[in-house]
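Architecture at a glance
The lines below spell out each chain.
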Amino acid sequence: MTATPPLETHGVSAQGGVGTPSPFWGMSGVGGKAESALEFSQVLARIAAAAAGPLGRARIADRTPQGDLEVVRSELAQVGEAMRLIERGEQPAVGPVPDLTITLGRLRLDGSVLEREGFLLIRELLSVAVPLRSGLVRVADQAPAVARLAVDPIDPALQARLDQVFDDEGEVRDSASVGLKTARRDVRDARDRLLQKLNALLQSLDAQTVAPGGSVTIREGRYVLPVRRDSRRRPAGIVHDESASHGTLFVEPTATIELGNALRSAVTKEATELLQVLRECTSLFRVHVPTLANALEMCVAADDLFTRARYALRVRGVVPTIEPAGGRLVIREGRHPLLVEIDGADAGNHRVVVPFDLELHADEHTLLISGPNTGGKTVLIKAIGLCVLLAQAGIVPPVGKGTVLPLVAAVYADIGDQQSIAANLSTFSAHVAELRVILEEANAASLVLVDEIGSGTDPVEGAALAAATLAALTARGVRTVASTHLGALKSLATEVPGIVNGSLQFDTETLTPSYRFQKGIPGRSYGLAIARRLGVNEDVLADADARLPEVERRLEALLEQVERRERDLAMAQAAVDAGTRALEGRQAEVIDREQSVSASEVELTKRSRALAQEAKQAARNYLLDARKTVEEAIAHASTTREDESATTARRMVEQEVQALQREEGTESSPPLFGLVAGKIDVGHRVRLANGSTGKVIDQRGDGRVVVAVGALKLVVSTAGLQPAPPEAPQPKAPKKIYTDNRPAAAHEIDLRGMRGDEAETTMLAALDAALLADYPALNIIHGMGTGVVRERVRQVLSHDPRVSHFAFAPHNQGGTGVTIVDLRGAG
């Protein structure tokens, strides 16, 4: 990447944080008064407070506006990619990292040995850098600018060696080397022998010799016994210390001096072996200093980037378009960065930050804002300046879609009271001094912000000086935003091309500001109106009104007329909009009704068909029931007259059934009673003259058939046969269905998108189900995101007695976005 040119310096400069220094930039005036007036540092501090670690916070707090167009565009595009990753929940894991400046400096020194604390800092760095790099590589396709933060692969041998040497508490393991393991075993053996001997001596002493509650202790690195000073039976030895009351002596018995010396020798040997382990590790990591430095920069840069992305989402910012110097200035839904932060920080304060829309074309160089006090002019000027500077510092400002900002090379701000007793400057003198610097240095690539231009002196002379200054800056093509109370300046826009008026709307009924910006119309001062509302004597107000110059009176009347017309137009437009919305609503209602009617017709057709089918089925069931009733009656009939009645009834039912079948289009179905027009076929069931029923099993061809009645086979004439109903099927025993109401267990659950409590409840239920199902393990997908759900999962698992072990999944199975849980008692 080529070096970024700095913005023009006007006194104070600031250097970037960890990594590549940011270019210098300056504000006009001694002491960076413009930076102070715009409160740029306070905005950066607010944004930096949300960073993951102190290095990320420092990087953001030291951000400065860049002067290279492509660099600014590239940084904002990168933030835009990061915003989309966060919205999709695909943000790589970003964590705090320690400052390794001193540690890496020592590693660079030949012959130096890094202490244990230095290696622990390196391990902390790698624990963040390795998963971060994997996450950045993973999003390379959808966020290539973000993925460019990824450094070269980090040698896994470094992490492996640190894990081999240091345990979870950061202590050097016995297994770090064979020599260290042997030395530590010798230390333990020597200490055990010494303590065994001392405890034996302590027990051999009487109560008058040993100090009350005395036990073996350590003084000056030697193991000693506490004995009374006045005891004549205290053991011979070396006195290493005494108590504060001087009544107890700490004595190393002569009998244990050799054992103590042996322990000291073993400890020295252990220290030598430990130093050798650290020296070998230092040699291993020394050749990887560039890799470690790059990993540190990657972590800090990612913290910086995603903190800026989260800020943009928090203030509902949209990445603006950046044009070359002198281009358009278009701000949509702009808000002051500090006000929008305050508004978002207190949800119960009911304050609403009113956004503003501003558009200055390339040939509109100066915006002159007028209006009453407390109307929001100063806030608007600061918001414009901050939006430009934040964008050039790689931070998406609180602006909406369609915002276009020009690149600026220098910022000049004259806001607030610049009075200085020490410098012998009055308020007006201080403002004039600032205007002199602006007139000498500002050019078409500058942004000039002036509040209350021409104030602090005689209004006539102040207005003349302000008009001349604005005309000169406009002629030079300097982008200028100024505010004023001077009525003489309100007509300047009609005299000087490139100057446009603007104002913030004021409610004339309540005399309160609405903070809504409108371009092209100068604002009224409302001084006399406010005085009248506050109860000033009417005679005084009338006299004041009479003293107004005729030009001022006419201008105020004209502005009042324009405001009234604007208000009427706004009301008319609101009525039109309301009518349009009502019409659109009715149109949508008609469309919905038509769709509903169409859907109802389709549903009605379906319902009609269903009802017709149900009616036919009901009729069929009715006739079947009727046939059954007839057959039962026939079964009990014994006379010919009854048989004839039964035959007549059966024929009537059969005719109704056949008519129903024809209506349904099922004439081809077999007859209900088995016979059609006296035709008898094999397989038909028939009723004999004696009332018994049977089945036709053969035809003789001479008008007779063979009928099987039970075990008998009878040859009868077809003339005496009547149709009989088919045998009713035997009901089958109902099948018993057993259901298991237990919830199905899953091998894997997904907690992404859940809040902490919801995720915990879902996870505990999944653990219960997995244990009931006798699963050996459970995969929990929590994603990387901000880490809230992940930490909640690990916190709950660490205290759950049903969990034997849990760890992040391998890289190819989800890495730090998935936790694998081994369950106790599984299998």
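Residues numbered from 1 in each chain as written. Predicted model: local features only at pLDDT ≥ 70, side-chain atom pairs only at ≥ 80, totals over all residues. Heavy atoms only, no water.

**Some thoughts on the sheet that holds strand E20 (residues 748–750)**
Read from one edge of the open sheet, four strands run E20-E21-E23-E22, paired in mixed fashion. Of all the strands in the sheet, the pair left with one neighbour each is E20 and strand E22 (803–808). In this sheet, neighbouring strand axes are inclined to one another by 20° on average, regardless of whether the strands run parallel or antiparallel. Of the strands in this sheet, strand E21 (777–781), E22 and strand E23 (818–823) touch helix H21 (residues 788–798), which is tilted by about 155° from E22. (Pairing = 2+ DSSP bridges. Helix = DSSP H or I, 4+ residues; strand = E, 2+ residues; numbered from the N terminus. Axes fitted to C-alpha atoms, helices over the stretch in contact; angles between N-to-C directions. Contact = heavy atoms within 4.5 Å.)

**Observations regarding the side chain of lysine 382**
Following the sequence through the fold, lysine 382 ends up in helix H13 (residues 377–392). Using a relative accessible area of 17% as the deciding quantity, one classes lysine 382 as buried. A distance of 3.4 Å separates a polar side-chain atom of lysine 382 from the backbone oxygen of alanine 37. (Buried < 20%, exposed > 50% of the residue type's maximum accessible area, 1.4 Å probe, protein only. Polar contact = N/O pair within 3.5 Å; in protein donor to acceptor, adjacent residues only side chain to side chain.)

**A word on the packing of helix H8 (residues 156–165) against helix H10 (residues 257–286)**
At a minimum axis distance of 11 Å, the contact between H8 and H10 shows a crossing angle of 170°. Classified by the interaxial angle, the pair formed by H8 and H10 is roughly antiparallel. Of the residues in H10, those touching H8 at Leu158, Arg161, Leu162 and Val165 are Val277, Glu280, Cys281, Leu284 and Phe285. The residue makeup of the contact of H8 with H10, split by class, is seven nonpolar, no polar and two charged. (Parallel < 35°, antiparallel > 145°, perpendicular 65-115°, else oblique. Nonpolar A, V, L, I, M, F, W, Y, C, P; charged D, E, K, R; others polar.)

**Here we look at unusual backbone geometry**
Even without glycine at this site, glutamate 39 takes up a positive phi of about 60°. With respect to the secondary-structure elements, glutamate 39 resides in the loop between helix H1 (33–38) and helix H2 (40–48). In this model, histidine 246 sits at a positive phi of 65°, which is unusual for a non-glycine residue. With respect to the helices and strands, histidine 246 occurs in the loop between strand E3 (237–242) and strand E4 (248–253). Residue histidine 246 is classed as partly exposed on the basis of its relative accessible area of 45%.

**What to know about the side chain of serine 112**
Note on placement: serine 112 falls in the loop between helix H5 (101–108) and helix H6 (116–138). Side-chain polar atoms of serine 112 contact the backbone oxygen of arginine 106, separated by 2.6 Å. In terms of polar contacts, serine 112 uses its side chain to reach the backbone carbonyl oxygen of leucine 109, at 2.7 Å. Look past the residues within four positions of serine 112 in its chain and what remains in contact with it is Arg106, Thr282 and Arg286.

Treat this as a map of the structure, not an account of what it does.
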